[in-house]
Amino acid sequence: MEHHKSLCDIIIFGGHGDLSFRKLLPALYHLYKEAYLSPDSRIVVISRRDMTQAKHVELLRSKMKEFLRDGEYDEEIFSEFIKRIVLCNIDFDNEKSFEHLKKTLDKEEKRDRIYYLSTSSDFFGSICKSLSAFKLIKSNSRVVLEKPIGRDLESSQSINKEVLKYFKENQVYRIDHYLGKDTVQNILALRFSNRFFMPLWDANNIDHVQITVSESVGVEGRWGYYDDYGALRDMIQNHLLQLLCLIAMEPPCSLASDSIRDEKVKVLHSLRNMTPEDIRQRTVRAQYKSGSINGEPVVGYLDAEGADKNSNTETFAALRVDIDNWRWIGVPFYLRSGKRMSKKNSEIVIQFKKIPYSIFPNNGNCITENKLVITLQPKESISLKLMNKIPEITEQMRLQQVDLELNAPKTNVGTAEAYQRLILDVIHANPTLFMRLDEVEAAWRWTDIILEGWAQNFTTMKTYSAGTDGPSASIQLIAQDARSWYDE
Ligand code: BG6
């Protein structure tokens, strides 16, 4: 299919950072290769480091080879793609250095400009101020803010306030790459284009929901950054709460960006604030110790290079969350996320209630509750677990659980695809999959209470061995409600 080819300048602050090399540049490479970007579009990579053009090409070539998936790197495409990339040397602490960017951008003054701020959010305000001082913000400019924005409600409000001095809210794209994943969008399709689920999607029929995002990787050379945040701020405040919103939201009145975001924010406002007792009973935080993953030894979080041995940052968090509204009252949502766990797995499990009464003989027939399992990674799949008769001739009928696959499962799904979709949405000025200011604030308002409780040690830090599924306290968290984590 022939695409509309967009012409714009994309300026990446933190262009030589981890995210840029791992996700943003590979995503742009794909957009270029698949002809979504006009060949005249430019990608301005902002870095503090100055280097010759030849060295820069070499650096990007090696990063692309490292981070594109097997078979995706093509020297011919790379040599065309690299022509679109301009290196621009800026030191954020020295406003004068923005002169370099002005010179580059002013050559194509009328173009849409997308400023992608992939730096620590502490720099967002000063970058926007400098862009404004050099008159680099036009009505057709947009700014993308990487998460997490701040470390709590107060810092997030002050950063957003700074950015909004220079950009209007409709020019600000707060990114959460989970919203760009195909299966995440499929949740909307599944829920709102099928009659089938409509009468079942509530507290009368659903027993509970589980959302797990586990990673086998550690902090990947970003110890210092990660240690300032931890699992609750890095994953739960944004990715997992966004997934929860999509599962729990009421039907929006249209696909328009504000309709969807209005419904998501209502869910965030309905999250029950935790009391100190809830924090004790319903939250778990833990750090990984040494262990082994895929047969390889792995050092503990506190023994990693550059680690502060006294760090009190969690690499795992699990919570029981309650939503106080008509649809969900009494249906717990169990959330957990951690680094250095046994495997990479992002999954939502919607477990339906038991049937009211079984007419089947108790001859080993174990009727398990129906489940809808939505897997985002490492494969994308949506599967409904149903009971069925074993096809055999026996005196007494026997049952088994079968999987009904609701889509064609796709394996080896990468994060770059999510970035590809979201960058394209920014290029097309479509904010639907981005977070509005009130959403980010509502998520922080709720999370802050837990962070404060943890700071006061309402829940002590647990440990778990690398390569396991987290601490035993996480099993107890769900077992105390007579439930267990889903494990196929
Ligand atoms: C990022 C977090 O937002 O998401 C990382 O900052 C995490 O710590 C990553 O590794 C996980 O993304 P994905 O798409 O690989 O699950």
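Refer to the structure printed above.
What counts, and at which threshold
- The written sequence of each chain sets the order in which its residues are numbered from 1.
- In view of the model being predicted, local features appear only for residues whose pLDDT reaches at least 70, and side-chain atom pairs are presented and counted only at 80 or more, with totals across whole chains, interfaces and linings using the full set of residues.
- Only hydrogens and water are set aside when side-chain values are computed; all heavy atoms of the structure are taken into account.
- Nonpolar cores are built from buried Ala, Val, Leu, Ile, Met, Phe, Trp, Tyr and Cys residues. Side-chain atoms within 4.5 Å join them into one set.
- Only protein chains enter the accessibility calculation, which uses a 1.4 Å probe; a residue is then buried when its area is under 20% of its type maximum, exposed when over 50%, and partly exposed in between.
- Secondary structure elements follow DSSP: runs of H or I of four or more residues count as helices, runs of E of two or more count as strands, with numbering from the N terminus.
- A contact between two residues is defined here by any heavy atoms of the two lying within 4.5 Å.
- To be near a molecule or strand, a residue needs just one of its heavy atoms within 4 Å of it.
- Computed with a 1.4 Å probe, the accessible areas rest on the Shrake-Rupley method; for each residue, only the protein chains presented here act as cover.
- Three classes are used, and their members are as follows: Ala, Val, Leu, Ile, Met, Phe, Trp, Tyr, Cys and Pro are nonpolar, Asp, Glu, Lys and Arg are charged, and the others, Gly among them, are polar.
- By definition, no residue in a patch forms a salt bridge, and every one has over 30% relative accessible area; like charges are joined within 9 Å, nonpolar side chains (Val, Leu, Ile, Met, Phe, Trp, Tyr) within 5 Å.
- Put simply, a salt bridge is a Lys or Arg side-chain nitrogen that is within 4 Å of an Asp or Glu carboxyl oxygen.
- By construction, the arc corresponds to the directions joining the helix axis to the C-beta atoms.

A. Broad picture of the nonpolar core. Ranked by internal contacts, the top residues of the largest apolar core, which has 118 residues, are Leu25, Leu28, Phe333, Ile350 and Leu372. With 14 residues, the single largest contributor to this core is helix H8 (residues 223-248). Apart from the residues lying within four places of it in its own chain, the contact partners of Ile350 are Trp201, Ile206, His208, Val209, Ile247, Asn370, Lys371, Leu372 and Ile374. Among the nonpolar cores identified, the runner-up in size contains 26 residues, and Cys88, Tyr115, Ile137 and Phe167 belong to it.

B. Main features of the site of the ligand. For the ligand, the set of nearby residues contains 13 residues, the closest of which are Lys147, Tyr178, Glu215, Arg222 and Asp234. Alone, the ligand offers 400 Å² of accessible surface; in the complex the protein occludes 86% of this. If one sorts the elements of the shell around the ligand by residue count, H8 sits on top with three residues. Each residue belonging to the shell around the ligand can be placed in one class, and the counts come to two nonpolar, four polar and seven charged.

C. Quick look at a nonpolar patch on the surface. Taken together, the side chains of Tyr357, Ile359, Phe360 and Met397 define a hydrophobic patch exposed on the protein surface, amounting to about 460 Å² of accessible area. Within the secondary structure layout, Tyr357 lies in the loop between strand S13 (345-352) and strand S14 (371-377). By relative accessible area, Tyr357 is classed as exposed at 65%.

D. Molecular detail of unusual backbone geometry. Residues Lys147 and Pro148 are joined by a peptide bond in cis, for which omega reads -10°. Its place among the elements puts Pro148 in the loop between strand S5 (141-145) and helix H6 (153-166). A cis amide bond, omega 5°, links Gln377 with the succeeding residue Pro378. Structurally, the position occupied by Pro378 is in the loop between S14 and strand S15 (381-389). A positive phi angle is found at Glu220, which is not glycine, with a value near 50°. With respect to the secondary-structure elements, Glu220 resides in the loop between strand S7 (206-214) and H8. We note that Ala482 has phi near 60°; this positive angle belongs to a residue other than glycine. If you trace the backbone, Ala482 turns up in the segment after helix H13 (472-479). Take Ala482: its relative accessible area is 73%, and that puts it in the exposed class.

E. Expanded view of the pattern of salt bridges. Following the criterion strictly, the structure yields 36 salt bridges and no others. Here Arg111 ties to Asp9 by a salt bridge, and the two come within 2.8 Å at their closest N and O atoms. Here Asp9 lies in strand S1 (residues 8-13) and Arg111 lies in the loop between helix H4 (98-106) and strand S4 (112-117), a separation of 102 residues in the sequence. Each member of the pair, Arg111 as well as Asp9, carries the same accessibility label: buried. In this structure, a network of salt bridges that share partners links the residues Asp258, Arg261, Asp262, Arg436 and Asp438.

F. Geometry of the side chain of Glu439. For Glu439, the position within the fold is in helix H12 (residues 437-455). When its relative accessible area of 0% is taken as the criterion, Glu439 is described as buried.

G. The arrangement of H4 in detail. All of the buried residues along H4 are Phe98, Leu101, Thr104 and Leu105. What you see down the axis of H4 is that its buried residues fit within an arc of 115°, all on one side. Packed against the buried residues of H4 are S1, strand S2 (42-47), strand S3 (85-89), S4 and helix H5 (124-133).

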